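Overview (structure and organization)
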Amino acid sequence: MAADAEAVEQVKSIGEQYKYGFVTDIEIEFAPKGLNEDIVRLISEKKEEPEWMLEWRLKAYRHWLTMEEPKWQKPQYPAIDYQDSYYYAAPKSGDKPKSLDEVDPKLLETYEKLGIPLREQEVLAGVEGAPMVAVDAVFDSVSVATTYKKKLEEQGIIFCSISEAVREHPELVKQYLGSVVPYSDNYFATLNSAVFTDGSFVYIPKGTRCPMELSTYFRINAENTGQFERTLIIADEGSYVSYLEGCTAPQRDENQLHAAVVELVTLDDAEIKYSTVQNWYPGDENGKGGIYNFVTKRAACRGKNSKVSWTQVETGSAITWKYPSCILQGDNSVGEFYSVAITNNAQLADTGTKMIHIGKNTRSRIISKGISAGNADQTYRGLVRIQRGASGARNYTQCDSLLIGDKCGAHTVPYIESQNPSAQVEHEATTSSIGDDQLFYCLQRGMDEEEAVALIVNGFCKEVLQTLPMEFAVEAQKLVGISLEGSVG
Amino acid sequence: MALLEIRNLHATVDDKPIINGLDLTIGGGEVHAIMGPNGSGKSTLSYVLSGRAGYEVTEGEVLFDGKNLLEMEADERAREGVFLAFQYPVEIPGVTGITFLRTAVNAVRQHHGEAPFDAMDFVKFVREKAAGLNVSDDMLKRAVNTGFSGGEKKRMEILQMAALDPKLAILDETDSGLDIDALKVVADGVNAMRTKERGLLVITHYQRLLDYIVPDHVHVLAKGRIVKSGGKELALELEESGYAEFLEDAA
Amino acid sequence: MPDGSGHMQPYLDQALEGSGSFAGAGTDWVDALRRDGAHAYGLHGLPKRRDEYWRYTNLNALADEQFRLSDGAPAIGLPSLPHKLVAELATYRVVVVNGRLRPDLCALGELPDDVLVSGLEDMLTAAPARLEPYLGKIIRLNDMPMAALNTAFLNDGMVMFVGDGIVLDKPVHLISITAPGADAMMVQPRHLVVMGKDTTATLIETHITTEGGSSFNNIVSELHLDEGANLNHFVFQEESKTTVHLSGTAVAMAAKTTYDSFVLQSGAAIGRSEIRAYMNGPGSDCRLDGVYLATDKQVVDNTTFVEHAAPECRSRQVYKGVLDGQSRGVFQGKVHVMRDAQKTDGHQLSRALLLSPRAEIDARPELEIYADDVKCSHGATAGELDEDLMFYLLSRGIPREQARRMLIEAFLSEAIAEIPLEQVAEDFTTHVRQWLVDNVDAHAGQDAT
Ligand SMILES: Nc1ncnc2c1ncn2[C@@H]1O[C@H](COP(=O)(O)OP(=O)(O)OP(=O)(O)O)[C@@H](O)[C@H]1O
Ligand SMILES: [Mg+2]
């Protein structure tokens, strides 16, 4: 295909175009490098945690020591030296500021540059008429600001950093933390359980529809720092919340580890919509630097008629390893997974989902769109399991890959396990390139190749992008556009 | 004794009440037409009568030839002589039309103590019926309805009716999707089957079909009940006035 | 035999013990081949759940090493074959009993010149040089541990050479009989087919078991297709439910070849058909179809791997299964498109019907693609019979059991319809029909809604 060589060229330039690659020059307090029980204790102490929390962390840490780092066929990456990393890094501004005015102006500037509104009257940069969004801003290991807390509190909604929740709402944290992703779940989740630093906590009370989007913005700034955030969202009976998550990091030559855990719980008739635009620094075009994004995200649809919908747009990170999953326990519960993953240059992504059908008439839907360019390699890995008791369960999976250039790869590995005859499972997958005829059709209508490719790729992703909340959809579309800029013509 | 007697029928789908106290009596040799707005329960009535799973009768009774129809399984009803021409006939890949029809016809024949057709005799038997309906041999050799056009599917339904020779035929919007010539072919096929024993229940949205298949009675179904009955002239009136009046009444 | 690392390598001892007495012992390359097999199996051990390709098929039944290598073919006659039309077909008949060729039961008639059908043991003894370029050349021992074990036992089976330009007038019918005595018995047959340039042949295999104790049949077939070769390959796997039947087939396809395979599995306690097609030359066409029927506690596994190494090749796979009782069906299929295999067209479909609440299907259709100008897709479905179709049949007066059978047969027909040899297609259909009568009717009506 004529466009290919150019498409490759264009996509190559993306590494240089990472526009969030700046570093904030701010004084940082580090815990000593390396990982041991003392570090775990130190983190817990810094967070002023109660004893039970520390015990839980230590249990996780001791378990982690007995575990072996997983070795996948792909992605392959150089061994991580867990002793050569900082596990705690915080801006040296003392205690968490009480109000925005006390926040270090450099931090405010950083978020401004990233387009994240921390002043409550602001809306997301560049989007007119966007609805209100409450933001929890996490900078390295700590939450630096959470907006609209007061307004949310009026309705009984808790939106705060997880550190604060451990102190202020211990009963909720105790009940739910680790109940979806146990501390022993997998190598990275266990590590996270031992050293998690910050992240967001959300509780939506019975019958409440959260009046605004909640969002957390993660920023890795410090060098040699691992980020281990932990998010816990509980939607009580009949409640609804839409939650957004965004991430960026400076451009650095070293790889940095980001090993997050996200746990969602929905009770009867509750719904959580969880959207991610992941744009960690991907490394340069030769694969130098970039974030290792090893994340465990899982939702328990415990209540009947409950629903969790994951949407992710994954464009960043050197390596992504992530399978947002749903455990569909409640009868009639629904799990959805919508994903766009763009990998390019030397990026690797191994992503997908698990839908575990346990309750009756549970339904799941998986739409995954993978775009691979440059030397990138991408894997969709998904599990749909219908357990014996899941009568009437339904799954539909559609999983498409698009290859741009002849040096990239796409790998589709679905696992489909059904133990119930009344369940219906349907899986479809395709891999293709941008068709000559499609391209020609666009050219014939007067578009240049670049526009045409952007148009076709956006069309390819549309089903997923349109599930994003409006503010994010715009950002995501731009992101898709950027990754294709100059790729042709 | 009437051929079909429906008394105070109530039926639900997924716990949602769709038929709400419906009475209807069809005598041998009679043609009844049912008209009514979209979603009023016409197809549901046809499924309840033919015994589709998931359509639950919560009240009332249906007598067919004096027997309790509701106690019978779907296939039993068919063998007893209830035929439904589907609004949306399904495609069955992998089963040829001829095999399908022979299996059905033989099941009915055996039920009546008649000898089943062998393959050769059956081809002759079907060809005769098919000729009048413009159903080609090729259509019979293909998988049931698979890849058929809308009109072809409807003609196939009528061919099945002719082959199965039911006592009561329910035609659910058999006219929709037919071109003018096909409408005539289908109507002729149906009229050829009018006997003084057989009952016909014709569901349609258009007066036009009733020009060809002239009904003895016309009923208006709205919100799961018959809200008005009359002679064939009622269809003409409806064409003029629409259903607004009934929707308010039933509300 | 567990080794230091804790993994099990049962039967390796038996292979090593026997190696001195196997055919061709003393010929260097033959000894080396067996050694390589033993080595690869020794390293890997018996497949376990964490082996990607054995995730769903558990071989614990083999772990305690109860099976002893058969000590030769018993003097049984030719049993009656389950498939009428194929049995009556004019064929070149080759009979292998317990992995050993039985010349007295073969009926090769007048084979064309330049076609050789023989026993592996004879060839290894009399003309090993002719085998050397082919035997063991396309089995990737590290990918196929059980084929590695077979290689360690390599001794007898069928060998077939079809000379350039020959279109074989009749199918070759390989009848493979497992005839256990009272004790648990193991056989390790090895078959080799070498198709010359521009050749055409049909190979039909029937696998059956005679009455006796339990058995373990570990088969490996190597099929070499030189440029322009066409091979039709039909397999009936109908071993008894006391047999573990593992079959590994590797096909090397040169340019412009066609390989058309159809596997019907309804026998064995554990039945596995693994086919690995290596499409090494451009312009080739590979078709892998299968139907499986399982009941009771049977496990039926179909595993495929199609490697597109050359451009402009096409592969098609359709596997359909019906699972009753507490059976488990497994489909694992992979289409691997390598960098240079532009214009690949690959498609894969797995569909399973579950007839019982205790049955299970596990499917893993997989695409791995490194060329950008390709069209590849797969689909997989699992579920029960479509209620709308069922109602349509019922509403025409067709009784439920009969409707069920019609619909199941129709479901399977998509795969069977592709069989080019009419007698085979019909025998397959008859077999399916009979299986449905024997197994499905037995509890029809239980599911009436
Ligand atoms: N499975 C179902 N679950 C829920 N509601 C259903 C189901 N099937 C039918 N209904 C509802 O029942 C009502 C009656 O449907 P029905 O198909 O009988 O209408 P109809 O009179 O035939 O309409 P039309 O003229 O459009 O064919 C509709 O509101 C429909 O949505
Ligand atoms: Mg209708």
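Re the site of ligand 1
All names here are of chain B. Ligand 1 sits among 15 residues. The nearest are Gly39, Lys42, Ser43, Thr44 and His205. In this structure, Ser40 approaches ligand 1 through a main-chain N or O atom, which is 3.2 Å from an oxygen atom. Only strand S2 (16-26) and helix H1 (42-50) provide two or more residues apiece to the shell around ligand 1. Tallied by class, the residues present in the shell around ligand 1 amount to three nonpolar, eight polar and four charged.

Side note on the sheet that holds strand S4 (residues 55-64) of chain B
Sheet strands pair via backbone hydrogen bonds, and the direction of the pair is either parallel or antiparallel. Residue and element names in this part refer to chain B. The antiparallel open sheet is built from four strands, whose spatial order is S2-S1-S4-S5. Both outer strands of the open sheet, S2 and strand S5 (67-68), are each paired with one neighbouring strand and no more. Pairing geometry for S4 and S5, over two bridges, is antiparallel. When the sheet's bridge partners are listed, Leu63 is paired in S5 with Asn68. Of the strands in this sheet, strand S1 (4-13), S2 and S4 are in contact with H1, which crosses S1 at around 110°.

Quick look at the interface of chain C and chain B
Facing the 18 residues of chain C at the interface are 32 residues of chain B. Buried area between chain C and chain B, both sides added, is near 1,900 Å², and the carbon and sulfur share of it is 69%. A per-residue breakdown of the area chain C buries against chain B is headed by C:Phe391, C:Tyr392 and C:Arg396, which together make up 40% of the total. Counting every contact that joins chain C to chain B gives two salt bridges. Notably, a salt bridge pairs C:Arg396 with B:Glu157, separated by 2.7 Å at the nearest N-O pair. At the junction of chain C with chain B, the criterion picks out nine residue pairs in polar contact (both at pLDDT 80 or more). Elements represented by at least two residues in the side of chain C that touches chain B include exactly helix H8 (387-394) and helix H9 (400-416) of chain C. For the side of chain C that touches chain B, the class distribution of residues is ten nonpolar, five polar and three charged.

A word on the packing of helix H2 (residues 28-44) of chain C against helix H7 (residues 145-152) of chain C
Residue and element names in this part refer to chain C. Viewed as axis vectors pointing N to C, H2 and H7 meet at an angle of 140°, and their least axial separation amounts to 7 Å. Here H2 runs over H7; the crossing is left-handed. Contacts from Leu33, Arg34, Gly37, Ala38, Ala40, Tyr41 and His44 of H2 reach H7 at Pro145, Met146, Ala148, Leu149, Thr151 and Ala152.

Points about the sheet that holds strand S3 (residues 31-35) of chain B
Residues and elements named next belong to chain B. Strand order in this open sheet of six strands is S6-S9-S10-S3-S11-S12, and the pairing throughout is mixed. Every interior strand has two partners, whereas the edge strands, strand S6 (82-85) and strand S12 (225-230), have only one. Averaged over all neighbouring strand pairs, the angle between strand axes comes to 20°, with direction disregarded. In this sheet, S12 lies alongside strand S11 (residues 217-222) in antiparallel orientation, the contact comprising five bridges. Each bridged residue has a counterpart across the sheet, and for Ala222 the counterpart in S12 is Arg225. This element, helix H9 (residues 233-241), spans S3, S11 and S12 of the sheet and lies at about 115° to S12.

Some points on the arrangement of the chains
Out of two pairs of chains that touch, the pair holding the most contacts is chains A and C. The two units chain A and chain B never meet; even their closest C-alpha atoms stay 13 Å apart.

Description of the pairing of strand S21 (residues 394-404) of chain A
On a regular strand, each side chain points to the face opposite its neighbour's, so the side chains alternate between the two faces of the sheet. Residues and elements named next belong to chain A. Taking burial as the measure, the eleven residues of S21 include nine buried ones, the bulk of the element. Alignment of strand S19 (residues 363-373) against S21, held across eleven bridges, turns out to be parallel. Paired with Ser364 across the bridge in S21 is Asn395. Bridge count for S21 against strand S23 (residues 424-433) is ten bridges, and the pairing is parallel. Note on S23: the bridge partner recorded for Leu402 is Ser432.

With respect to the coordination of the magnesium ion (ligand 2)
Think of it this way: four donors in a tetrahedron around the metal ideally sit 109.5 degrees apart, and six in an octahedron ideally sit 90 or 180 degrees apart. Residues and elements named next belong to chain B. For the magnesium ion (ligand 2), every protein donor is listed as Ser43 (OG) and Gln87 (OE1), and the spread of their distances is 2.0 to 2.2 Å. Residue Ser43 is found in helix H1, and its partner Gln87 is found in the loop between S6 and strand S7 (92-96); the two are separated by 44 residues along the sequence. According to the relative accessible area criterion, Gln87 is buried, its value standing at 13%.

Thoughts on the confidence of the model for chain C
For chain C, per-residue confidence averages 93 on the pLDDT scale, and 96% of positions sit at 70 or higher. Below pLDDT 50 for its whole length, residues 444-449 of chain C participates in six contacts with residues either more than four positions away or in separate chains.

Section: the domain arrangement of chain C
How large an interface is tends to be reported as the accessible area lost when its parts come together. Residue and element names in this part refer to chain C. For chain C, the assigned domains read domain 1 (12-281) and domain 2 (386-449). The distance between the C-alpha centroids of domain 1 and domain 2 comes to 32 Å. Contacts between domain 1 and domain 2 engage 16 residues on the former and twelve residues on the latter. Roughly 1,200 Å² of surface becomes buried between domain 1 and domain 2 when both sides are summed, with 79% attributable to carbon and sulfur atoms. Contact with domain 2 buries surface across domain 1, with Leu85, Phe234 and Phe262 losing the most and accounting together for 44% of the total. Counting across the interface, domain 1 meets domain 2 through zero salt bridges. Inspection of the region where domain 1 meets domain 2 yields four residue pairs in polar contact (both at pLDDT 80 or more). When residues of the side of domain 1 that touches domain 2 are traced back to their parent elements, those giving at least two are helix H4 (84-88), strand S9 (200-209), strand S11 (230-238) and strand S13 (258-265). Here the side of domain 1 that touches domain 2 takes five residues from S11, the largest share from any one element.

Cut-offs and rules
- Residues numbered from 1 in each chain as written.
- Chains lettered and ligands numbered in written order.
- Predicted model: local features only at pLDDT ≥ 70, side-chain atom pairs only at ≥ 80, totals over all residues.
- Heavy atoms only, no water.
- Near = heavy atom within 4 Å.
- Polar contact = N/O pair within 3.5 Å; in protein donor to acceptor, adjacent residues only side chain to side chain.
- Helix = DSSP H or I, 4+ residues; strand = E, 2+ residues; numbered from the N terminus.
- Nonpolar A, V, L, I, M, F, W, Y, C, P; charged D, E, K, R; others polar.
- Pairing = 2+ DSSP bridges.
- Contact = heavy atoms within 4.5 Å.
- Axes fitted to C-alpha atoms, helices over the stretch in contact; angles between N-to-C directions.
- Buried area = accessible area lost by both parts, 1.4 Å probe.
- Salt bridge = Lys/Arg side-chain N within 4 Å of Asp/Glu carboxyl O.
- Left-handed = near helix turned anticlockwise from the far one by under 90°.
- Buried < 20%, exposed > 50% of the residue type's maximum accessible area, 1.4 Å probe, protein only.
- Donors = N, O, S within 2.8 Å, 3.2 Å for Na, K, Ca; no water.
- pLDDT = per-residue confidence, 0-100.
- Domains from an automatic or database assignment.

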